[in-house]
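# A structural walkthrough
Here is what each chain is made of, one letter per residue.
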Amino acid sequence: MTQPVIEYEHITKQFWSQGSEVTALQNVSLTVGENEFTSIVGPSGCGKTTLLRLAAGLEDPTAGQTVFRGVPIDGINTRAGYVTQDSNLYPWMTLRQNVEFPLEIQGVRAGERRDRADEFIRMVGLEGFENHWPYQLSGGMQKRGSIIRTMVYEPSVVLMDEPFGPLDAQTRMVLQHDLLRIWGEKRQTILFITHDLTEAIAMSDKVVVMSARPGTIKAVYDIPISRPRDVFQIHNQAGFTEVYGEIWQTFRSEVVGSGADTAAAGQGGAAAGVA
Amino acid sequence: MATAPATVVRPSRPHVLRSQDRRFVLVLQVVIGIVVLASWELAIAARLAQPLIFSSPLRIAERMVSMLGGEIVYGRTIFDHIGVTFQQIAIGYALGASAAVVLGYLFGRVRLLRRMFEPIILALFSIPKIALAPLFVLVLGIGLWSKVGIVFIEVFFVVFFNTMKGVLEVIEEYVHIARIMGASRWQTSRRVIIPAALPSILIGLKMGVPFAIIGAVLGEYIASNQGLGWFILYSTNSFDASGLWAGILLLVGITWTLGQLVNVAQARMLRWQPPRRGRSVSVA
């Protein structure tokens, strides 16, 4: 285990929703290591987004504490980058202005801002669209814009909340590939939320499986698949089938138990069966 | 093997008027306008109605020409009257809109403020301004400032509520994203909240224009001896129907011009919005 960057210590989080108390997280302890790509998977409502928000300082725990590089989080955590589920590019700024925004916040000179922003824009294949308004970009393009907007100021930790959720399957694979390429160069610590087990395994060094609500950590798996990974053909890479089968056994009871459709269960069984 | 000849299907464009259609509509509008004006003129000429009460398009046009030529009307040229009214509108609008945007922003951001004062503001808003207007005259006199006060109050509420709504509706995640990137409160306000709220604010500002004009005219009806509103009232009382209509037309012209100014500002500032399908709807 590398240096701990985020430490969740006995986190319990309760919300009050429509008059009743909802326990999103129950006594969750987890350590996220430096330079590692960690995914959290779990059924809907298991509290994985809440864990991310705790690390970002957008929520406070009901009990326990979140420690970031040895310092307990108190208020908004500006030391981590945060990529939301929706792209949330600012509609009143062009793509370039959006990507330059964090650099502008931090007082970077205009010339340097533009160079750094353009580098990332090129990296994800969006050159030519610098002066477009967000509404003129497709969903996948906006998504890329949203990701490089966080990457451009090079936070050492990046929190990502189901960033590829709303996209179609092909676009998703392309963006997974882009993200891994960026990560390959910079090796930040990434904490990545997804409901898609295949995606989690394809991208990560570690996969954390959560239970249905109230959320707890069921298991943490090391992913022994070698890098670089081919997300387009991840099923064929050595080690994938075994680790998928293993994790799915843990995962399925949570998914099926929480009322997910039987197709998901069938899919899992079939994948485990394919050699 | 022979295939049946394909029929050419013209793709239908239900939401976009073909340019022929647009020209047709315009021609129709012009024709209807001419017919209405002509009927009016003829009705008066045939003495079907009193010229003193109704006037007629030609008389009005004649009157308008002479007024714009500098004719003295009730002691001043029409331009003096317009100037007086315009001054009231401009000062009242500037003050009212500024106060409303600032307060609307604060109320949108600070929940405590909202909880404490919004009920009061809503209560004040529900008082008909017509009832409040004489109060302004009492307090501020019969000169410029009572009219400015009435315009202020007419503009304030509509801009305030639209601004507050715009600020309240800013997507919270926009703010979170900026704060997590390290933006200060000031940076967040300036670069995120205000631009995000701007469309609503501009709607409020546009709606404020006709309210401002109503306020100025109302003030002049109640207590004034000059101004376009006063001119309209005096014309009415003098059975000067032509003057009355000319005054109304000028008022409509001013309203339209000011509205267009806001439209231009709006278009400039909101280039980033996706275009609406078909013609855009502008609030009067």
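Presented here is a report on the structure given in the accompanying data block. The model shown is predicted, which means the values in this text are computed figures rather than measured ones.

Okay, the overall build of chain A next. Scanning chain A from N- to C-terminus turns up 8 helices and 10 strands. Relative to the globule expectation of 19 Å for 275 residues, the C-alpha radius of gyration of chain A, 19 Å, shows essentially globular dimensions. For the C-alpha atoms alone, the extent of chain A along its principal axes is close to 55 × 45 × 40 Å. Residue pairs in contact within chain A that sit at least 24 positions apart in sequence constitute 70% of those at least 6 positions apart.

Let us look at the packing of helix α4 (residues 78–109) of chain B against helix α10 (residues 228–237) of chain B. All names here are of chain B. Contact geometry of α4 with α10 gives a least axis separation of 7 Å together with a crossing angle of 125 degrees. If you check the angle between α4 and α10, you find them oblique. Contacts between α4 and α10 pair His81, Ile82 and Thr85 from the former with Leu228, Gly229 and Phe231 from the latter. Residues belonging to the contact of α4 with α10 are distributed by class as follows: 3 nonpolar, 3 polar and no charged.

The subject of this paragraph is the environment of Lys147 of chain B. Residues and elements named next belong to chain B. Mapped onto the secondary structure, Lys147 falls in helix α7 (residues 144–168). Exposure remark for Lys147: the 32 C-beta atoms within 10 Å place this residue in the buried category. In the structure, Lys147 is positioned 79 residues away from Leu68 in sequence and 25 Å away in space, judged by C-alpha atoms.

Here we come to the sheet that holds strand β10 (residues 217–222) of chain A. All names here are of chain A. Strand order across the open sheet formed by 6 strands is β6-β7-β8-β3-β9-β10, with mixed pairing between neighbours. Looking at which strands have only one partner, the edges of the open sheet turn out to be β6 (80–83) and β10. Strand-to-strand twist of the sheet, defined as the mean angle between neighbouring strand axes without regard to direction, takes the value 15 degrees. Looking at chain direction, strand β3 (residues 37–41) and strand β9 (residues 206–210) are connected through 4 bridges and run parallel. Residue Ile40 lies in a different strand from β9, and its bridge partner there is Val208.

Taken together, the contact pairs 17 residues of chain A with 14 residues of chain B. Among the residues forming the side of chain A that touches chain B, the class breakdown is 12 nonpolar, 5 polar and no charged.

Before going further, it helps to examine the pairing of strand β4 (residues 63–68) of chain A. Residues and elements named next belong to chain A. Two strands pair when backbone bridges link them, and strand β1 (residues 4–17) and β4 are joined in this way by 5 bridges, in the antiparallel orientation. Directly across from Thr12, in β4, lies its bridge partner Ala63. Looking at chain direction, β4 and strand β5 (residues 71–72) are connected through 2 bridges and run antiparallel. When the bridges of β5 are listed, Val67 appears paired with Pro72. Between the end of β4 and the start of β5, which pair antiparallel, lie 2 residues, with Arg69 showing a positive phi angle near 50 degrees.

Before going further, it helps to spend a moment on the environment of Ala197 of chain B. All names here are of chain B. Note that Ala197 resides in helix α9 (residues 185–222). Separated by 34 residues in the primary sequence, Ala197 and Thr163 have C-alpha atoms spaced 7.1 Å apart. Setting aside chain neighbours within four positions, we find Ala197 in contact with Thr163, Gly166, Val167 and Val170.

Taking strand neighbours across the sheet as the criterion, the 4 strands line up as β2-β1-β4-β5 (chain A) in an open arrangement whose pairing is antiparallel. The strands lining the two open edges of the sheet, one partner per strand, are β2 (20–33) and β5 of chain A.

Residues and elements named next belong to chain A. As for its placement among the helices and strands, Glu104 is situated in helix α2 (residues 95–105). Owing to 18 C-beta atoms within 10 Å, Glu104 belongs among the partly exposed residues under this scheme. Sequence separation between Glu104 and Tyr153 is 49 residues, and the spatial gap between their C-alpha atoms is 9.9 Å.

Geometrically, the link from Arg213 of chain A to Pro214 of chain A is a cis peptide bond, its omega value of 0 degrees lying close to zero. Within the secondary structure, Pro214 of chain A sits in the loop between β9 and β10. The amide bond that connects Arg227 of chain A to the next residue, Pro228 of chain A, takes the cis arrangement and shows omega of 0 degrees. Along the chain, Pro228 of chain A turns up in the loop between β10 and α7 (240–257). At Ser55 of chain B, a position not held by glycine, the phi torsion is positive, near 60 degrees.

Conventions adopted
- Residues numbered from 1 in each chain as written.
- Chains lettered and ligands numbered in written order.
- Predicted model: local features only at pLDDT ≥ 70, side-chain atom pairs only at ≥ 80, totals over all residues.
- Helix = DSSP H or I, 4+ residues; strand = E, 2+ residues; numbered from the N terminus.
- Rg over C-alpha atoms; globule rule 2.2 N^0.38 Å.
- Contact = placed C-beta atoms within 7 Å.
- Axes fitted to C-alpha atoms, helices over the stretch in contact; angles between N-to-C directions.
- Parallel < 35°, antiparallel > 145°, perpendicular 65-115°, else oblique.
- Nonpolar A, V, L, I, M, F, W, Y, C, P; charged D, E, K, R; others polar.
- Buried ≥ 20, exposed ≤ 12 C-beta atoms within 10 Å, placed from the backbone.
- Pairing = 2+ DSSP bridges.

Purely geometric numbers; function is a separate question.
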